[in-house]
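# Working through the structure, step by step
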Amino acid sequence: MEKDSDDSAIYSGGEIDITSVITEYKKSLVAEHAYIREYTSRPGEHVLLADRYVEPLIIQRHREKKEKKKEICYRGEDFHHARTYHTDHHITVDKLFSQEDSPNSVPPKAVILQGNSGSGKSFTAQKILYEWANGNLFAGIFDIVFHLRCSELNDITEDISLVELLNCSEEMAQIFKKIPERVLFLVDGFDELRLSLPEKPSPIKADIKAEPGAMLSSLLKGFILKESFLLVTTRSIAAKKLGKLLKFPQRFTEIMGFSKNGIQEYFQKFFETDERSTQVYEEVTANGTLYTACSSPVMCWLVCSVFKEQSKMSKKMTRGFRSTTSIFVDFVFILLEHHCQSLTESQQRDLLKELGQLAHKGIHEGQVMFQRNKVPETILNVLDSTSIPFLSTYHYRGRINVKEMFSFMHLSFQEFFAALLYTFLDETEAKIEIEKLLSFSGVNSYHVLPIIQCLFGLSNQAVNNLLMKKHQQAVSHATCNQLQEWLYKFVSQYLDAHLCSFALQCLYESNNNHVVQNAMEIWEAAKSGIEITLSSSNTSDYHAAAYCLQFCRHIRTMNLQGSTMENLIMLEKALSKCDKLHLSVSHVSDNDVDTLISVVGKGKDLRHLRVEDGDLSDQSVRRIMSVLHKRRSVNTVHLSVKNINYTNAEIIMNTFRSNVVSEKLSLSVGTKCRNSEENLCSYLQLSHERAFARISVEHKKLDSYDVHIDSGKPGQTFKLICFSGDCSDISIMSACDWRKFLQISSNLKKKENPESHKNVDALVSFFHSIHDLREVKLHAKNLSQTCAAKILSLCHARPLQDHYDFSWFKVDSLKGMDEEDICSLSFDDQTIDNMGNPFRLNLKEQACSSSPHTTWDVESTPALKEISLRFPVLKRGSVDWEVLLGRLCQMLKSQERDPPLSFLLSLPDLMAVMFDLRTLHENWAARILAFIQACTSLQFLEVEVEKPHENLGLVRGDAVGDGAFHGHTVLFLGCRHLNYPYDDRIRSGLEIDIVSALGQHDVVPCITLIMTNDTENLNIDWRQFLNLYHQLKGLTEHCLEYDQSLDALMSVVNSIPGLKEMHLALRFLTVDGALSIVQLMQTCPSLCTIDVLVPTQPMSYFLNSCFPVVMEWPTEENSISSDHSESSGLTDSDDDGNGDGDLGRPSWPSFRVAEEIGHYELDLCSELIMRKNARNEFKLSLRCNFSDPFTKAALSYISLILTEYTAESKIDWRSFFQSYYDTKGLNESSTDYDEKVNNMLCFLYHVPGLKKVELGTHSLIESWASCVLHLCYVNDGINNICLLLEKENGDSGCSSFTVKRNHTDSTVTVKIQRSDYTQTMPSLISFMVPHSEILNINGPDILHRMQCLKFLNDKSHEYDLRINEVMSSLHGISGLQKLKLEIGNLTQSWATQILSFSTCPSLKKICVTTLCGHMLMEDAILKIKKKWKRRDCVVVLKGLRCSNSTARCTEENWTPHTYLQCNNMVKLSLCGGFCSQLDGCYKTDSESEPDTYNYRFDLNEADQQPDAREPEWAEEELIEDYDIFEF
């Protein structure tokens, strides 16, 4: 779009030349838009547009929901950093109509400029008109720009043409006909439009009159002047509607307000002097809330105006700015006045209250973004009729549609409106609600602190007066007193750093001298005294502290971190009152030293003084050191200086010798001078540790100028030299020795030094001269093998007197004989539990030689990447370090496939070895296995292989630790499950991560074997074991060979003597594979545990109880929730939640779930577990986690426990596995479902020694009850069958169905339980009958009746009918002996049901238990006591009973909260009209866990005689023995 060279040619040659008309039009625009009126401008006052306008941040894309949340929640620098991700999508005003870079793109015909209220939309529109009129914008693109204000269109009631609306002259109207493609319409404030716009406007011409709405709609749609261009500004609330009305192609842009740089530029333009603008800008940036709010141009103007007004009264900002709350109040009233003119004062009050309720609810529920159905209807009604400047609308793409969400401009505004809500409550309600607000406790309640702080700001007298003036609503006097009394109590407690700052801010916001003085007196008198911690450079905290602390007399402790000299000056009076001082201050120069010394004060307990990034001279260092002795005590001092030289080093050494500083004394070089060659080092520290003194020298910026490493030039460069010794040795070190050490350390930093070997010798000699050398820490950038060997010899030769002695040596680049880089080296001798005090030597190839993008040839690349060794303290001279380093370096460089490892045997008592290989060749594996067998002292070995990714590891002996595997050998192959302590963070002992062995795997197959610590178990054919493992690993598709390989591998495992446990992860687990594994358990007498997993399944609870379950919190990436805001039957799943948890508070944990893949239909199950205990009892469990309908099993879980399992046991496991496999993919509607399930259960009828069965199902349907009861009847050896619902769902009436047999009295107990106690009662039904009557129990009917009760209201008529049906089913049980019910309150209705069982002749006992917190109502007790006449059957009632004899709790007056006041736990026994009562806390089933899978199976439990009493009734009968009835 380029302008023709001769503009006049466009308009001449026709009837009229309109160039002069356009020129006049431009002049009028310049005159109209050159100035702006501010919100506080009086008549005749205005400001130049150029003096206020700053280029806004505009982006050209829709923001993601996660990005939006971050911007809402972040503050200060974090907020501005969160908006930097838009960098690639920034667009400037002059590029709004530019063509995209892509090949077939065309310039947009319509541009949407969306933005929140106060973001600068109209301001930008004015700037566009002004710059175009001046010829600085869109030159050559648009010849005419027309401005349409939608707010002005609302007042037009008559038909009007576009020409009339634009007030075009006849001459100007010609441009519409000649070149409409060079016309731009700037439509400002579309969201303010109240005209009805027809969806399908009729085509009209520019000079034809029509209704204003129809005319505008035709213009937007392109029916008028189709070739023209549109730029439309709107708030987000109307953006979606606008997008449907505009012609195409469109471009969406969003104006975000000011960027970080834009805020600074605005401050520079607003204030007259650079000094003032800089001062105010620094003040604001130090207040995270205001700095964030200033991204809004309106808020930025308001903040600047406040500071400007204040500066007229005082040139110094000793009191700081006005409270943040007062600025927010001003902001709200400005927007109400200028953006909500159509609302009456009453409507504005109602709007503010509704916004407060929405904000308050969102804060407490962790929501910052609200779905439309969560926004009050009154707010939505206002949104439909006018614009609400405080809410922004956000549209995000769901799966099948675009969804709308609302949010406040920022979290800080939401917090403000939440606090504002309390001003709209009446005095009584406000008192109750504020009391709730102020009762916060714990870190999880910190989200209410900003609300409380805003409340104190609203209680400020000036703010209160403003609220009363504007809306006749303010914080009441009673509320102010309530806040004050709470604050007095609050400051009397111990306050951590966060709460300390919060308390000061509350006092500062209130701005009430009387209140502040009282609070500080109470705080000062508290047990902990006034302890102030300001942990950042937030200037508002310092202003608050300076204001509040002027009212106190004594401060116990002040801890100022990240402070500046300006902040210290502000707090100078307060600092003079404190006893203990922790001070960290930055950017201190020589001119600030007097102030610093004054601030530190005489007689103080100076705990910490740290000057960061300063440029102090030697004279300043001397002055500071000279006054330290005037302090009561000094712990640590750190100074940042221009350079570290012999002079200031001698100064701090003399101070150190005088013991003025008790802990640490250090110097560092300021950032500007750090790389100066004048520096001896970049950091120098002297410290006391126990009875030792430590000296540390660092060259921190060595990397930036040490270029010889890449060039291969000679030289030894050190980054750290640290040592410690006896304090007396260090203290008597002469000035000459001190200078000598500094000179050596300085020489060792130089990049090119032919004397480098001599410097290393000098360093070693210096260390030898220290009589009691306790610690050595050295870090070299590069070093030769010869020099490294000398230092290793030094470290090795040192006598280790106790566990405080320590050597640490690291080389980033170890050089070979020809100065080539070989590897990095690290060495230490830290203590590790169970390994004594071993040395650790680690060599690793240079990172640059194995880039992840580098392609390497297997045959031409060294196999070894890293080697790590651990060995105990050896006799001096027993290791030739230079030879050892040479051999190890040779291994790292060698391309041999048959490496010599025998030289490692020359290290006496070698304890641990780690190899990191690129690939594990067969010769390498053979050498390693031979080395394991030959090195009897070896306790730990790990081999990590890069390609193919796998690990081989072994741990034995004392390295296993004192846990469950003590005295065993653990071998793993596949994943890395043993954490070898070879890195810098030395772990305490060995960590065996068996949890990972049962969790997700990145290598399959993975096998972990745990054996007795017997040398014979290493003499098996491990080569065959490895070959079979790799053969199995290579089979990625299932075939017959896979099962054969697995069977062969199990045969080798079976030959391992002393095998105790096997943990196995497989790619496939078929029927044949499972059979091979169960036969291993049967034929291997020592084996007691087998865990098999198909690893890409969900982590489940199916773990042995001795191993913890790994759980993870859901994040925005993995949490799933549904959005039901749309009326459509199809709903989208929100990718990061529906708004809950926006403030970062965690929700309930979830297990990691992996995606199912195609081979699962081949698998028998996803987990197979076998256990054998000391009594030779055997447990086998299967779990099928597959959720796909084609792979899901009828029983998700099945567990069998046998009394004995030996090699002689005759059990057809193949038939069992096959029958279980045959149920996969079936559901209740399948035609062969019953047949397949019965085939599986029939196997259980005849299993010898079967004593317990656990079953898990996805749907606990009625037919399962018949199966369970029949199984218990047929197999009389079974004493327990438990059927559990895998997951609560709406199809099942209960969660468990359990049958327990008592062989002593030939009875059977049936228990039906619901795990969700909040559902309709009863939550538990349990009854006992003779075993002979078991087939007469109508289990399906009872389950059906329970299902009918689900979700019914217990007050409804239908509930009474359904509960009668349940009781009738229980009445029909033949031979019923005992009955137990768990209910809510024992009411008269339940009493009637209990009395109905008096006609059951076989019944001996009824036990009724109320849920925790529920009552035994007195009228129900009296009814049972009066009418229960049977003496051969006892009724036992357990629960809470009212102890108030004069005013008993009844069903009418009982509430869930009253039981705490007058109720006690009791047990009542009623028989024959008599009643006995036992008081005390009787545990009910509601207080215990519901039936769950019994994963625990004790491997070593002693023989126990089972209790003849069933657990269901044991407690009741034991208590009944002591009941006394008075007949």
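The structure displayed is predicted, hence computed values, not measured ones. (Residues numbered from 1 in each chain as written. Predicted model: local features only at pLDDT ≥ 70, side-chain atom pairs only at ≥ 80, totals over all residues. Heavy atoms only, no water.)

The 6 strands lie next to each other as β3-β8-β4-β7-β6-β5, forming an open sheet whose pairing is mixed. A strand with exactly one partner marks an edge of an open sheet, and here the two such strands are β3 (58-59) and β5 (144-149). (Pairing = 2+ DSSP bridges. Helix = DSSP H or I, 4+ residues; strand = E, 2+ residues; numbered from the N terminus.)

In the structure shown here, the tally under the stated rule is 36 salt bridges. Ionic pairing is found between arginine 694 and glutamate 689, a salt bridge with its closest N-O pair at 2.8 Å. On the accessibility criterion, glutamate 689 (24% relative accessible area) is partly exposed. Overlapping salt bridges, with partners in common, bring together Asp1341, Arg1345, Glu1358, Arg1362 and Glu1365 in one network. (Salt bridge = Lys/Arg side-chain N within 4 Å of Asp/Glu carboxyl O. Buried < 20%, exposed > 50% of the residue type's maximum accessible area, 1.4 Å probe, protein only.)

This part is about the pairing of strand β32 (residues 1006-1012). Among the 7 residues that make up β32, 6 are buried, leaving the element largely enclosed by the rest of the structure. Bridge count between strand β29 (residues 968-974) and β32: 6 bridges; the pairing is antiparallel. Bridged to leucine 973 within β32 is isoleucine 1007. Sheet analysis places β32 next to strand β33 (residues 1059-1065), joined by 6 bridges and oriented antiparallel. Opposite threonine 1008, over in β33, you have histidine 1063 as the bridge partner.

The next point concerns the side chain of glutamate 131. By secondary structure assignment, the location of glutamate 131 is in helix α5 (residues 121-133). Excluding anything up to four places from it in sequence, glutamate 131 contacts Asn136 and Leu137. (Contact = heavy atoms within 4.5 Å.)

Turning next to the packing of helix α42 (residues 1213-1222) against helix α43 (residues 1233-1245). One can describe the packing of α42 onto α43 by two numbers: an axis separation of 8 Å at closest approach and a directional angle of 155 degrees. Taken together, the axes of α42 and α43 lie roughly antiparallel to each other. Taken as a pair, α42 and α43 cross one another with a handedness that is left-handed. Here Trp1213, Phe1216, Ser1219, Tyr1220 and Asp1222 of α42 lie close against α43, whose contacting residues are Lys1236, Asn1239, Met1240, Phe1243 and Leu1244. Tallied by class, the residues present in the contact of α42 with α43 amount to 6 nonpolar, 2 polar and 2 charged. (Axes fitted to C-alpha atoms, helices over the stretch in contact; angles between N-to-C directions. Parallel < 35°, antiparallel > 145°, perpendicular 65-115°, else oblique. Left-handed = near helix turned anticlockwise from the far one by under 90°. Nonpolar A, V, L, I, M, F, W, Y, C, P; charged D, E, K, R; others polar.)

Here we take up the packing of helix α20 (residues 449-459) against helix α21 (residues 461-471). Packing of α20 against α21 leaves a shortest axis separation of 5 Å and a crossing angle of 75 degrees. Considered as vectors, α20 and α21 are oriented roughly perpendicular to each other. The segment α20 lies against α21, with Gly457, Leu458 and Ser459 engaging Gln461, Val463, Asn464 and Leu467. Looking at the contact of α20 with α21, its residues break down into 3 nonpolar, 4 polar and no charged.

Attention now moves to the nonpolar core. With 453 residues, the main nonpolar core has Phe915 and Trp1213 as its most contacted residues. Residue contacts for tryptophan 1213: discarding those within four places in its chain leaves Leu1075, Val1078, Phe1178, Leu1180, Leu1200, Tyr1205 and Phe1243. Judged by nonpolar contacts, the second largest core, of 5 residues, contains Ala912, Val955, Val970 and Ile1010. (Core = buried A, V, L, I, M, F, W, Y, C linked by side-chain atoms within 4.5 Å.)

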